[in-house]
Amino acid sequence: MAKKQFKAESKKLMDLMINSIYTNKEIFLRELISNASDAIDKLHYKSLTDENVKVNKKDFQINVSVDEEARTITISDNGIGMTAEELENNLGTIAKSGSSVFKEENEHKKNIDIIGQFGVGFYSAFMVASKIKVVSLAYGESDANVWESSGIDGYTIKRCEKDTYGTEITLFIKEDDEDNNYSEFLHEHTISSLIKKYSNYITYPIKMKMHKSEYNEETKESEEKEVIETLNDMVPLWKRNKSKITDDEYNTFYSDKFFDYEAPIAKIHTSAEGLVSYNSLLFIPSHAPYDFYTKSYEKGLQLYSNGVLIMEKCAELLPDYFSFVKGVVDSPDLSLNISREMLQQDKTLTTIAKSLETKIIKELTDLQNEKREDYNKFFESFGANIKFGIYDQFGMNKDKLKDLLVFKTSLKDKSITLKEYVDGMKKGQEAIYYCCGESIDKIDMLPVVESIKEKNYEILYCTDYMDEFVLQTIGEYDSKKLVNIAKENVDLSDEEEKKQIEEKNKDSKDMLDFIASSIDGIESVKFTNRLKNHPVCLVSTGDVTIEMEKVINAMPTDEHISAKKVLEINANHKIAEKLDNLYKNDKEELKRVSKILYESSRLIEGLSVENPTELTNLICEELTK
Ligand code: ADP
């Protein structure tokens, strides 16, 4: 019998599969098993809708076996089967779903793209097999047929014997070559673990004949035994009824699947029906994985279509700021044959991603409200991620995320949210105050903190280098400005006092300008009310603050920035008087004293002193006067 030729487009595809540079060859098994599962689905459906079809649901199964010597893998099912005509139509040409996409494809696209574009299906078996034999008996028919092909030059279809309905596919595995170890697919354990990995939640049992060696007590020798094992779990946890799942089950599932020794801090189990149906089971880990803050960390959720794993890490399902979330999404609305490029435009996926995001925010908010201790632990691990999400993309997502922030403060022992801050604001307090520094202790020592504390206003302690960028991005909360107290013009004094200091600054303008011009790297010098016991402080004016200068300059890049610095002098301190006197009587001495004050204010801020020797000599000179 003459060989039949594949349809032109199938030929192209097959060519791609045979000469595949597709690295993920192992997915052929997933494809064949899900075809088998679909075929059983069809028969099952038929039995429900046609009373002449009598099958026992309990008998449905998929069998896999490996023959290392013959170099074959066989996958059989007792599904609907195919007639000769169906073998011709289904396997002689690309399945309709695939072909339409294939046709739309531009010729010039690279091979690898085409494979990715419409998924792989039956033909993927040619990535590992040099010959494929499909024996099939369609349900209700008496004649079985065998379809056989060694690839591109065509296929044959012949009558054959098969007693039971269903399909049996035999792959004749290619010989190993320099680049490929095809023989690994002939090992039982490789095949069984691939089935567990990709097809664990196929709803029919996948059985495999396994060879196990067992120790025989009597003969005192180990014997090889054949056992038939069911490899898949079938009903996935995420499809089970929430109320019947114990915490232990959730935790075991989580640790098995995501290799975490610690139980998750929260889980989100949902099943949605409507425009898009899906089941999802998400987890918030209780600690960051060791590689979380490195480039090698890949975000994403496992994506299933009706129990069949499509993708290990579907990044499109999670925004970057929730990249720590682990979990599984299963939707019958997703096509198995979906590629990464198509995913990005897939509406179903976007809809799912949006609703998952809302659920994650809600879960975190509940955790924050109900289990603050746990939430703080979460925030310690992943707060940086949320903060990054706030200032990333010019603050596009700040409104969604700002309530997830928590801070330590000057008034309370525990961490608080921005909302809690605003709720606790004192009468007359107009702004939300924050201060940045290396540690709470260091912030507390800053002279600028004093006057705010005296008013009993709360200060948000910002000890994370990102905090300042984050709060600047947020700008205001609940119509209250977020104010960095280490910036110029933070004056809590009353109108009268404000007027007085303005006058004083005006009267002393010449002297202040003189001091400013004698010190390098300073924008201006002025008297202030905000210092109570401290003589001076160094603050910034403009967008770049002193903390930012420190943070940016400490980064291992060439970028260096400098805050515009203002030296503020306590108008009510003895030093103010002294400066006045020196300006009148000894300008050289004024320069020296100002220099000491300026350098000291740099030290208070944690900035370095350019010439410590000079400073020490200056101080000594003053001490010995
Ligand atoms: P897809 O599964 O995306 O349609 P495939 O190339 O994998 O594409 O399969 C082509 C067609 O062949 C299927 O749509 C199905 O009709 C038929 N088919 C494949 N495997 C089986 C099977 N085990 N039993 C019955 N029909 C099958």
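In this text, all values refer to a predicted model and were calculated from it rather than measured experimentally.

Calculation criteria
By convention here, each chain's residues receive numbers from 1 onward along its written sequence. In keeping with the model being predicted, local features are shown solely for residues with a pLDDT of at least 70 and side-chain atom pairs are shown and tallied solely at 80 or more, while totals for entire chains, interfaces and linings include all residues. By convention in this description, side-chain values take in all heavy atoms of the structure and omit both hydrogens and water. At least two DSSP bridges between two strands are needed for those strands to be called paired. Only runs of H or I of at least four residues qualify as helices and only runs of E of at least two qualify as strands under DSSP, and these elements are numbered from the N terminus. Residue contacts are counted whenever heavy atoms from the two residues lie within 4.5 Å of one another. Fitted lines through C-alpha atoms serve as axes, helices being fitted only where they are in contact, and the angles separating the N-to-C directions of these axes extend from 0 to 180 degrees. Throughout, exposure labels follow a simple rule: accessible area from a 1.4 Å probe, protein chains only, divided by the maximum for the residue type, with under 20% read as buried, over 50% as exposed, and the rest as partly exposed. Whenever a carboxyl oxygen of Asp or Glu lies within 4 Å of a side-chain nitrogen of Lys or Arg, that contact is scored as a salt bridge. For this analysis, a ring pair means two rings from Phe, Tyr or Trp (six-membered ring only for Trp) whose centres lie within 6.5 Å, classed as stacked if their planes differ by under 30 degrees, edge-to-face if by over 60, and tilted for the remaining angles. Any Lys NZ or Arg CZ found within 6 Å of a ring centre and within 35 degrees of that ring's normal is scored as a charge over the ring. Patch membership requires over 30% relative accessible area and the absence of a salt bridge. Like charges are linked within 9 Å, and nonpolar side chains (Val, Leu, Ile, Met, Phe, Trp, Tyr) within 5 Å. All accessible-area figures derive from a Shrake-Rupley calculation using a 1.4 Å probe, and residue coverage is judged against the displayed protein chains alone. In summary, the charge assignment counts Lys and Arg as positive and Asp and Glu as negative, without counting His or the chain termini. The location of each charge is read from NZ of Lys, CZ of Arg, CG of Asp or CD of Glu. Helix span, as expected, comes to 1.5 Å for every residue beyond the first. This arc describes the spread of directions from the helix axis toward the C-beta atoms. Should an angle fall under 35 degrees it is called roughly parallel, over 145 degrees roughly antiparallel, and 65 to 115 degrees roughly perpendicular, with every other angle called oblique. Handedness of a crossing is defined here by the sense of rotation of the near helix relative to the far one, left-handed for an anticlockwise turn of less than a right angle and right-handed for a clockwise turn. Gly is put with the polar residues, along with every residue not named as nonpolar or charged; the nonpolar set is Ala, Val, Leu, Ile, Met, Phe, Trp, Tyr, Cys and Pro, and the charged set is Asp, Glu, Lys and Arg.

With respect to the sheet that holds strand β18 (residues 480–484)
And then number 1: Read across the open sheet, the 5 strands follow the order β14-β16-β15-β18-β17; overall the sheet is mixed. Edge positions in the open sheet fall to β14 (408–409) and β17 (476–477), since each of these has one partner strand only.
And then number 2: As defined by bridge partners, β17 adjoins β18 across 2 bridges and the pair is classed as antiparallel. In the sheet register, Glu476 faces β18, and the bridge partner there is Lys481.
And then number 3: Across the face of the sheet, helix α15 (residues 467–474) comes into contact with β15 (432–436), β16 (459–462), β17 and β18 while running at roughly 155° to β15.

Observations concerning the pairing of strand β19 (residues 524–528)
And then number 1: The buried fraction of β19 amounts to 4 of the 5 residues, a majority that puts the element mostly inside the structure.
And then number 2: As judged from the 5 bridges shared by β19 and strand β21 (residues 564–570), these two strands associate in the parallel manner. By the bridge assignment for β21, Ser524 is matched with Val566.

Regarding the pattern of salt bridges
Should the charged atoms of two oppositely charged side chains come close, the side chains can pair.
And then number 1: If you walk through the whole model with that rule in mind, you get 37 salt bridges.
And then number 2: When the shortest N-O distance is used, the salt bridge between Glu214 and Lys225 registers 3.2 Å. Of this pair, Glu214 sits in strand β7 (residues 206–216) while Lys225 sits in strand β8 (residues 221–230), and the two are 11 residues apart along the sequence.
And then number 3: Notably, a salt bridge pairs Lys591 with Glu588, separated by 3.6 Å at the nearest N-O pair. Placement of both Lys591 and Glu588 in helix α20 (residues 587–604) is noted, with a separation of 3 residues, approximately one turn of the helix.
And then number 4: Lys591 sits in the partly exposed class, given a relative accessible area of 33%.
And then number 5: Residues joined in a network through salt bridges with shared partners are Glu589, Arg592, Glu621, Glu622 and Lys625.

So, the packing of aromatic side chains
And then number 1: Following the criterion strictly, the structure yields 28 aromatic pairs and no others.
And then number 2: Taking the centre distance of 5.3 Å and the plane angle of 50° together, the rings of Tyr375 and Phe378 count as tilted. Placement of both Tyr375 and Phe378 in helix α10 (residues 372–391) is noted, with a separation of 3 residues, approximately one turn of the helix. Just as Tyr375 is buried, Phe378 falls in that class too.
And then number 3: The ring of Phe527 carries Lys504 above its face, with NZ or CZ at 4.5 Å from the centroid.
And then number 4: The residue whose ring lies beneath Lys587 is Tyr583, and the NZ or CZ to ring-centre distance is 4.6 Å.

A short note on a negative patch on the surface
And then number 1: Where like charges cluster on the molecular surface, the negative patch consists of Asp494, Glu495, Glu496 and Glu497.
And then number 2: Examined against the element boundaries, Glu496 turns out to sit in helix α16 (residues 495–507).

So, helix α7 (residues 247–258)
And then number 1: In this model, α7 (12 residues) spans 16 Å end to end at C-alpha, consistent with the 16 Å of a helix rising 1.5 Å per residue.
And then number 2: Buried within α7 are the following residues: Tyr250, Phe253, Tyr254, Lys257 and Phe258. Down the axis of α7, the sector holding all buried residues measures 100°, keeping them to one side. The exposed set on the far side of α7, more than 90 degrees from its buried face, consists of Asp248 and Asp256.
And then number 3: Phe259 sits one or two residues past α7 and shows a positive phi near 50°.

Let's talk about the packing of α10 against α15
And then number 1: Running from N to C, α10 and α15 cross one another at 40°; their axes reach a closest spacing of 9 Å. Compared by their axis directions, α10 and α15 come out oblique. Judged by the twist between their axes, the crossing of α10 over α15 is left-handed. Contact residues: α10 offers Lys387, Ile390 and Tyr391, while α15 offers Asp467, Phe469, Val470, Thr473 and Ile474.
And then number 2: The residue makeup of the contact of α10 with α15, split by class, is 5 nonpolar, 1 polar and 2 charged.

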